[in-house]
Amino acid sequence: MPDNQVRAVALSVSDMSFSIGGVQLIYPMSFQVTSGRRLVVLGPNGAGKSLLLRLCHGLLQPNAGQVHRNDLHPAGRRAHAMVFQTPVMLRRSVLDNVTHALAAIAVPPAQLHGRAVEALNRFGLMGLAERPARLLSGGEQQRLAIARAWALRPDLLFLDEPTAALDPSATRLIEAMLTDLHAEGVTLMMSTHDLGQARRLADDVLFLASGSLVEASEAQQFFNDPQTAQARAFIAGDLVW
Amino acid sequence: MLNWCGVLIALIGLLTGAPVQAQERFITVASTTSTQDSGLFDHLLPLFTQKTGIQVRVVAQGTGQALDTARRGDADVVFVHAKAQEQKFVEEGFGLKRYAVMYNDFVLIGPANDPAGINGMKDIASALQTIAHQGTPFVSRGDRSGTHAAELALWKAVGIDPAKVQGNTQNWYREIGQGMGAALNTAMAMEAYVLSDRATWLSFKNKGTLQISVEGDARLFNQYGVMLVNPAKHPHIKAKDGQIFVDWLVSDEGQSAISQYKIGGKQLFFANSGQHGA
Amino acid sequence: MMDDASPLMAALTLIMHFDPVFVNIVQLSLRVTLTAVCLAALIGLPLGALLAVSRFRGRLAVIVAINALMGLPPVVVGLTFFLLLSRSGPLGGFGLLFTPSAMIIAQASLVLPIVIALTRQTIEDLWASYREYLQSIGMGPKQAILTLLWDARFSLATALLAGFGRATAEVGAVLIVGGNIAGVTRMMTTAIALETSKGDLALALGLGIILVGITLVVNALAFGMSRIGVRHAG
């Protein structure tokens, strides 16, 4: 259902492009991420989805154009956080992975443990608290990565193909977590090449192909009435170049 | 993190605190391997330290190297055995007065089966000539030590330059560039002859099949001398304590302590500070 | 003449009875070497980590140079510090030649390239997997290096033990700068060399046994450390 309220903008991209060594990887594009909504970046492998997320998050700097995001990170919070396709687990216990992230954003030492425990409890990981994070299963690692990001209390959470390497049951758990986060009001910007997942989770869709923004629309419209031949082919399950 | 650092610091503290609290008052003496390897210092120095409270740190090197160490100012006193080099050291102004301290003698050591057939000779010159003539293996210190200098002087006296005859007789002359003990070890392993000071030989514990081949020739005499390094050259030299050590060595007390040092009932060094021209 | 068993028996007797001269030598060796390794760690760990995470012109050349320094001949290090620390040398004013401090400096210099090189390698691998995440949570280089050093601590301990092994086994450098002075700068290796030359094989062998024992313990520690590392940190 279209949202007719005027919503705040969580992130705004204008005329942004990116190239390395003369190779154009992201062609100039502009779009906005609306607060409280789930934006799914859709497209085949190699479309530039991961690059786009990194540019939006600030891990990479665009060659041209701008990314406007909330760069104010009050102590104990981080305005935006990221979850990677392959979870980056520190060589520490599950609990210490969370406290480390909290310490990095200047959470007062007295609150570290409490907030970390809160995050683990929130996502049912407390039973694993003392286990070395690197010895968890892939699904558990990704849940920890999301719990760890959630502990930072971000307004905007980037997720780069968070379920690409997981089996269906682990994927279901992750999707449930993301639904919860959305219900809490966290803005999500997530990439996937899984059409079904996009249908289940997306409020809005950015459709990318070969580094270009092909289509940007609300999810319902994108799936029911795609405007471009490329999007139509992608939805139909054809291979997109 | 704190735990680990604590353990580390505790460990260092434990190891640093416990052993060798070096005495405040000490002098450094550059001396020869023969005086150290023979055990003479182990006998002498506790007596001196007990009397004066001065600890003596001995750096044992070949005579040439010991004199160089003193030249650089890295020792307060130098105690060696090569009179010509010592006199040069004093003349150059690096040392103050040279004092004769003691002597022992060199002995020619060889394998019991005596491949050169020189056992019991009284003439060191003909013994060396025989070795050179037959090309029997001979180990040379080759380290500019006092013993090396004495050995080279003996070769020169018999008119042989071992470096030159080396090529045509299967490398019988072997320079090893090491101390006396190492030379003896090498001679034993190679069944070779070697010139040694008697003190090191007597205290050497790995004699194996080695024995004395030639001894008693007047030309095998080995004089030791001691000098304070000139504080005018190196201001940090501990001249006062160094001189106390020198004085003690040549005093009646020091001299009798030297003469009392024996291994297996045999006296190793003969004190002769009073002897004119030594 | 001695039969082959007797030096070994005498050596074991020395060890069993904690012969004071013997104990002194072992203590001094451990003290000097541990201090040298700590010194090298203090300098080498942060430098190695910095080298791992930073990018600058000539970085590869620096890495190659440090790797080459790992094979630095100890006698060359000894000679260099001998010339530096000698009363006639540029650092002669400190009067450090023929003291334990000189040996610590020489050994630390031998261990330092090992610590830097192995730290660089270890941290670089870990940095490759941590980099984006640490940047994502807004960590600066200093915090990131602390995180990396801490998370790699088990591997780094192995690097330090490797350095410790090189230092304990080393004879050339400490002999030259220490002077092998009885009770002051006589270490296990220099004492072994001396006692062998004196033909006193018992003491030499006794020290040799301790040295081999220490090497064994160090290797066991290194092995155990990596096992613990896997169990605790994954």
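Nothing here was measured: the structure is a model prediction, and the numbers come from that model.

**Brief notes about the overall build of chain B**
- Helix and strand content of chain B: twelve helices and twelve strands.
- Residues classed as buried in chain B amount to 54% of the 278 residues present.
- Relative to all contacts within chain B whose residues are 6 or more apart in sequence, the contacts with residues 24 or more apart total 74%.

**Brief notes about helix α11 (residues 239-250) of chain B**
- In a regular helix each residue adds 1.5 Å, so twelve residues correspond to 16 Å; α11 of chain B covers 16 Å between its end C-alpha atoms and thus fits that length.
- Residues of α11 of chain B that are buried: Asp241, Gly242, Phe245, Val246, Trp248, Leu249 and Val250 of chain B.

**A look at the domain arrangement of chain B**
All names here are of chain B.
- In terms of domains, chain B is made up of domain 1 (26-104 + 221-271) and domain 2 (105-219).
- Averaged C-alpha coordinates put domain 1 and domain 2 at centres separated by 26 Å.
- Domain 1 puts 21 residues into the contact, and the matching count from domain 2 is 20 residues.
- For the domain 1 and domain 2 pair, buried surface summed over both sides reaches about 1,400 Å², with 55% attributable to carbon and sulfur atoms.
- If you sort the residues of domain 1 by the area they bury against domain 2, Asp37, Asn104 and Phe221 come out on top, with a joint share of 29%.
- Where domain 1 packs against domain 2, one counts one salt bridge.
- In this structure, Arg144 and Asp68 form a salt bridge, with 2.9 Å as the shortest nitrogen-oxygen distance.
- Summed over the shared surface of domain 1 and domain 2, the result is seven residue pairs in polar contact (both at pLDDT 80 or more).
- Counting residues per element, the ones that place at least two in the side of domain 1 that touches domain 2 are α2 (33-37), α4 (63-71), β9 (221-229) and β11 (266-267).
- Element by element, the count of residues in the side of domain 1 that touches domain 2 is highest for α4, at four residues.
- Residue classes in the side of domain 1 that touches domain 2 are distributed as six nonpolar, twelve polar and three charged.

**Quick notes on the interface of chain C and chain B**
- On the chain B side, the residues contacting the 33 residues of chain C number 35 residues.
- With both sides pooled, the region where chain C packs onto chain B buries about 2,800 Å², and carbon together with sulfur makes up 63% of that total.
- Area buried by chain C at its contact with chain B is led by Arg31, Arg87 and Lys198 of chain C, which between them contribute 20% of it.
- Taken together, the links from chain C to chain B amount to one salt bridge.
- Lys205 of chain B is the partner of Asp200 of chain C in a salt bridge, and the nearest nitrogen-oxygen pair spans 3.4 Å.
- Counting every contact that joins chain C to chain B gives nine residue pairs in polar contact (both at pLDDT 80 or more).
- Those elements that place two or more of their residues in the side of chain C that touches chain B are α2 (20-53), α4 (74-85), α9 (188-197) and α10 (201-233) of chain C.
- Top element by residues in the side of chain C that touches chain B is α2 of chain C. It accounts for seven residues.
- Residues that form the side of chain C that touches chain B fall into these classes: 17 nonpolar, eleven polar and five charged.

**Here's the deal with the pattern of salt bridges**
All names here are of chain B.
- Evaluation of the coordinates by the stated rule reveals 28 salt bridges over all chains.
- The residue Lys88 makes a salt bridge to Glu92 at a minimum N-O spacing of 3.2 Å.
- Under the relative-accessibility criterion, Glu92 is labelled partly exposed at 32%.
- In this structure, Asp123 engages Arg219 in a salt bridge whose closest nitrogen and oxygen atoms are separated by 2.7 Å. Here Asp123 is found in the loop between β4 (95-111) and α6 (124-134), whereas its partner Arg219 is found in the loop between β8 (210-214) and β9, with 96 residues between them in sequence.
- For Arg219, a relative accessible area of 42% translates into the label partly exposed.
- By sharing partners, the salt bridges in this structure join Asp68, Arg71, Lys88, Glu92 and Arg144 into a single network.

**What to know about a nonpolar patch on the surface**
Residues and elements named next belong to chain C.
- Among the surface-exposed residues, Leu8, Met9, Leu12, Met16, Leu205 and Ile209 lie close enough to one another that they form a single nonpolar patch of about 520 Å² accessible area.
- Listed by contribution, the elements that provide at least two residues to the nonpolar patch are α1 (5-16) and α10.
- The biggest single contributor to the nonpolar patch is α1, with four residues.
- Take Leu12: it is sitting in helix α1.

**Examining the side chain of Thr187 of chain A**
Residues and elements named next belong to chain A.
- Examined against the element boundaries, Thr187 turns out to sit in strand β7 (residues 187-192).
- For Thr187, a relative accessible area of 2% translates into the label buried.
- Leaving out residues up to four positions away in the same chain, Thr187 has contacts with Ala10, Val33, Thr34, Ser35, Gly36, Arg37, Asp155, Leu156 and Leu157.

**Let's talk about the sheet that holds strand β9 (residues 212-218) of chain A**
Residue and element names in this part refer to chain A.
- Pairing in this open sheet of six strands is mixed, and the strands run β5-β6-β7-β3-β8-β9 from one edge to the other. The outermost strands of the open sheet, each flanked by one partner alone, are β5 (80-83) and β9. Neighbouring strand axes in the sheet, compared pairwise and without regard to direction, differ in orientation by 15° on average.
- Relative to strand β8 (residues 204-209), strand β3 (residues 38-42) runs parallel, the two sharing four bridges. Across the sheet, residue Val40 finds its bridge partner in β8, namely Val205.
- Packed on one face of the sheet, helix α1 (residues 49-57) meets β3, β5, β6 (156-160), β7 and β8 and runs near 155° to β6.

**Thoughts on the confidence of the model for chain B**
- Here chain B averages 87 in pLDDT, while 90% of its residues score no lower than 70.
- Within the model, the stretch residues 16-23 of chain B combines pLDDT values under 50 with 14 contacts to residues more than four positions away or in other chains.

**Remarks on the sheet that holds strand β4 (residues 64-69) of chain A**
Residue and element names in this part refer to chain A.
- Ordered in space as β2-β1-β4, the three strands form an open sheet in which the pairing is antiparallel. Every other strand in the sheet has two partners, leaving β2 (23-34) and β4 as the edge strands with one partner each. Here the strands of the sheet are splayed against their neighbours by 15° on average, with no regard to which way each runs.
- This element, α1, spans β1 (9-20), β2 and β4 of the sheet and lies at about 60° to β2.

**Examining the interface of chain A and chain C**
- With 23 residues of chain A in contact, the opposing surface of chain C contributes 22 residues.
- Of the roughly 1,900 Å² buried between chain A and chain C on both sides combined, carbon and sulfur atoms contribute 51%.
- Applying the counting rule to chain A against chain C returns two salt bridges.
- If you look at where chain A meets chain C, you find eight residue pairs in polar contact (both at pLDDT 80 or more).
- Mapped onto the side of chain A that touches chain C, the elements with two or more residues apiece are α1, β5 and α2 (94-104) of chain A.

What counts and what doesn't
Residues numbered from 1 in each chain as written. Chains lettered and ligands numbered in written order. Predicted model: local features only at pLDDT ≥ 70, side-chain atom pairs only at ≥ 80, totals over all residues. Heavy atoms only, no water. Helix = DSSP H or I, 4+ residues; strand = E, 2+ residues; numbered from the N terminus. Buried < 20%, exposed > 50% of the residue type's maximum accessible area, 1.4 Å probe, protein only. Contact = heavy atoms within 4.5 Å. Expected span 1.5 Å × (residues − 1). Domains from an automatic or database assignment. Buried area = accessible area lost by both parts, 1.4 Å probe. Salt bridge = Lys/Arg side-chain N within 4 Å of Asp/Glu carboxyl O. Polar contact = N/O pair within 3.5 Å; in protein donor to acceptor, adjacent residues only side chain to side chain. Nonpolar A, V, L, I, M, F, W, Y, C, P; charged D, E, K, R; others polar. Patch = residues over 30% accessible without salt bridge, like charges linked within 9 Å, V, L, I, M, F, W, Y side chains within 5 Å. Areas by Shrake-Rupley, 256 points an atom, 1.4 Å probe, with all protein chains shown as cover. Pairing = 2+ DSSP bridges. Axes fitted to C-alpha atoms, helices over the stretch in contact; angles between N-to-C directions. pLDDT = per-residue confidence, 0-100.

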